[in-house]
Structure formats: C-alpha cells, structure tokens
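Observations on chain architecture
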Amino acid sequence: MHTNVSVGRQPTPGTDEQPPMFTSETIVTGDAVRTMNREVGKKTANRSGIAIMTVLLLMSDAVLAAGNGIAGYILMALAVPLALLPWFWIAHRNGNACEKSGFIGQVQHFTFHQDCFEEHSAQSEYRIRYDELNHALEGKYAFYFSICIGKTFIIGKENTELNAFLREHVTRRRNAASKGLLTLLVVSMTLTTVFTNIEYNKPDDAIAGMGDFDDAYVIRSWVNALYCLVALLWLVVVVCGVISMIRKNKKNNRKLAERIILNGVACIIAMVLVLAIGGTTFVYFLNVPDQFRNENGTYTVKVPSGSGTKDLLYTSAGPFYLRYLRPMTDSEDTDPNISEEEWEAVRNAENQTMHNDLESDDSS
C-alpha cells in the first residue's frame, strides 16, 4: 500500500464548506487488502469463536445433566478447537483476497473534516460522517473505516497529526457496550460450565452409605447463589445482544422492511431465551433445599418430602458440598458423632417401647 498524506488548507472541490483539516491519497495493493482482512477479521473471528465455544459448552452441560457423561465431555473437548474455525476461514479468505477484491490498484483520495470525511476515486465517491461509520479500527499499519459489509477504506499511518486525529474518532467508535457484553459472555459461560459440572460431578456417594444420590450430597448455598448470578448475566447478555443487533441494523442502512424483519426475529429469539433462562432458573430454585448452619459447625438441611419437609443433618465436604450424616429428631439434634445406624437404633428402641406400652395397656 502506498499512501501520500498532507495537511490541506484548500476547500474541497465542489463544496462550500470549510477547508479540510487533512488530505490523504492511498494506492490500494494486494498486501494492504490481505492485511486489512486479517486485522478487521480479528473482531469477527473472536466473537464467532466465543459464540461457538459458548454453544458447545452449554450443550455439554445439558448432556451432562441428562446423565450422558462421555458425550458431555466430548463436546467440552471440542469447544476450543472448533472455536478456532473462524480464524482458519479468515486465513483461507486471505489466500485469494487479491483476486476477489474489486479495488486493487485504485487510487483513493481522502479529505478529512472535523465531523466527516470524503473519498474520491475512479469508481466511487463518498461523503460520510464519523458517527455513521459501521466500524472504525486502528491496525498496525493503517486505519480501517467501514461503512458497510464489503466496503472498508484503508487510510495509511504515515502522518502523525492525521493519526492523532483519526485515533480520536476510533476511540469514540469503540463500543463499551460490546466490550461489556463480551466480558459478561465469557464470565457467564465460564461460571455456567464450572458450576454445572460441580453439580453433576459430585463425589462418590458410596462413602455416605446411601442409595439416594441427591441426599448423599447437596450444593452449598453460595454455589446456588452463583447459579442465580449466572442466570442474571445471561439475561443481560441476551438483552444487550438484541440492542446491539438493532443498532447495527440501523447503521447498516438496510431497507425498512429488512430492518423490521431482522429486528423482529432478534426480539423473538431474545424473548424465547429470556423465558427459557428465567423459567429454568425459577424451577431450579424451587427445588433448592434450605440450609442452616448450626453452632457446632453442622448444617440442617430441610428437604421436601411427601409429608412436607424433613430435617437432615449434613457436615462440610469441601467448598462446594455438604455431606449427609443422618436424619434429625428435632432442631436441637445436631450431634455429628451419632451415626445414622445409632440414630435409627434409638428410634427403633423408642418405637418398640411405645409398642410394648400400648400392648400392656390393651392387656390391662
């Protein structure tokens, strides 16, 4: 790419506006196009890769929840390599970028004003406000100002004053909401994967001597609170994603009918996701048993039963779980040194005594 840049003080031909602040001339080469595709494609590749990874990890969570451990771990193992596919696509597209590009060899003349810039070449002529740009990125060797898919202007970085001026608009164009959305997506994806696997990969319940897996161990309250945080993060991600899509459709200068259809589809998908996430979270927390820490360090867990709730005694089993000890006679029955067999023996003895007393009363 060959670029000539100068500070201009002459009015733009054909306009009555103030003289341009800068002028620039760019001769587009094949190397410049390949560099542009690589640097501009980073953002798309990163977003696409994270989306692929997120979908696969959520699928692995669902498969693990259904009890198919092997398939769940296979999906989890494929998440990272498949997330790299967008990068391979960019590399393949770069291989024949010169042949498919329609503006190789063009000489593009730019004039930069305070609130807009103009481009003139043999094939095109544009006048664009900076706030109307679809993307404004700074690469290693050039700035890339995009007005729509497939139309990006390459502006060299040979002039430091022009670079400072363009960098100001690049900074303005950085979308804090998009960065926040990406951060929330990564955090929620990680939390969802980690803590769902915590729930479905509990310690071996054989040491508890019980057949009921759910009674052998329960998740600690703080982990359940993180499930709620994950759900809220996903709701924020969905809402921000829809808003971003609607704004992007508006800036792409699409036709009204096309914008209405795309925005409608985005809103429908968002509503389905919000209802699915909210409904799943609500059902999950309906089935979470209440936990209370006793003075001696044990935990009373109120588990739903056919007759209402029953109190069970648990002890700590690490940072994520509570391990089952035995049933409880009342809220004061918190001695962890009494085993389930001893507790049942005492209950059986009491029941036998009551039975004998009833028989004695009947005889009398």
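Below you will find a few notes about this structure. Owing to the predicted nature of the structure, the values given are computational and were not obtained by experimental measurement. (Residues numbered from 1 in each chain as written. Predicted model: local features only at pLDDT ≥ 70, side-chain atom pairs only at ≥ 80, totals over all residues. Heavy atoms only, no water.)

1. Comments concerning the environment of Phe88
You can see Phe88 is positioned in helix H3 (residues 85–95). Owing to a relative accessible area of 58%, Phe88 belongs among the exposed residues under this scheme. A C-alpha to C-alpha distance of 9.2 Å links Phe88 and Ala45, two positions 43 residues apart in sequence. (Helix = DSSP H or I, 4+ residues; strand = E, 2+ residues; numbered from the N terminus. Buried < 20%, exposed > 50% of the residue type's maximum accessible area, 1.4 Å probe, protein only.)

2. Let's talk about the pattern of salt bridges
Following the criterion strictly, the structure yields seven salt bridges and no others. One salt bridge in this structure joins Glu138 and Lys157, with 2.9 Å as the shortest N-O distance. One end of the pair, Glu138, is in strand E6 (residues 135–138); the other, Lys157, is in the loop between strand E8 (151–156) and helix H5 (160–173), with 19 residues separating them in the sequence. Judged by relative accessible area, which is 29%, Glu138 ranks as partly exposed. The closest approach of N and O atoms between Asp311 and Lys302, which form a salt bridge, is 3.0 Å. The structure contains a network of salt bridges with shared partners spanning Glu138, Lys157 and Arg167. (Salt bridge = Lys/Arg side-chain N within 4 Å of Asp/Glu carboxyl O.)

3. A short note on helix H9 (residues 256–286)
In an α-helix, one full turn covers 3.6 residues, which means residues spaced three or four apart are oriented alike. Compared with the 45 Å implied by 1.5 Å per residue over 31 residues, the 44 Å span of H9 between its first and last C-alpha is a close match. Those residues of H9 lying buried are Asn263, Ala266, Ala270, Ile277 and Thr281. (Expected span 1.5 Å × (residues − 1).)

4. Some points on helix H2 (residues 69–83)
Its 15 residues give H2 an end-to-end C-alpha distance of 22 Å, which sits within 8% of 21 Å, the value for a rise of 1.5 Å per residue. Where H2 is concerned, the buried positions are Gly72, Leu75, Ala79 and Ala83.

5. Topic: the sheet that holds strand E12 (residues 308–316)
If you walk across this open sheet you meet the five strands as E9-E13-E12-E11-E10, and the pairing is antiparallel. Each edge of the open sheet carries a strand with a single partner, namely strand E9 (217–219) and strand E10 (290–293). Across the sheet, the mean angle separating the axes of adjacent strands is 40 degrees when strand polarity is ignored. Bridge count for E9 against strand E13 (residues 321–327) is three bridges, and the pairing is antiparallel. Within the sheet, the bridge partner assigned to Ile219 lies in E13 and is Tyr321. (Pairing = 2+ DSSP bridges. Axes fitted to C-alpha atoms, helices over the stretch in contact; angles between N-to-C directions.)

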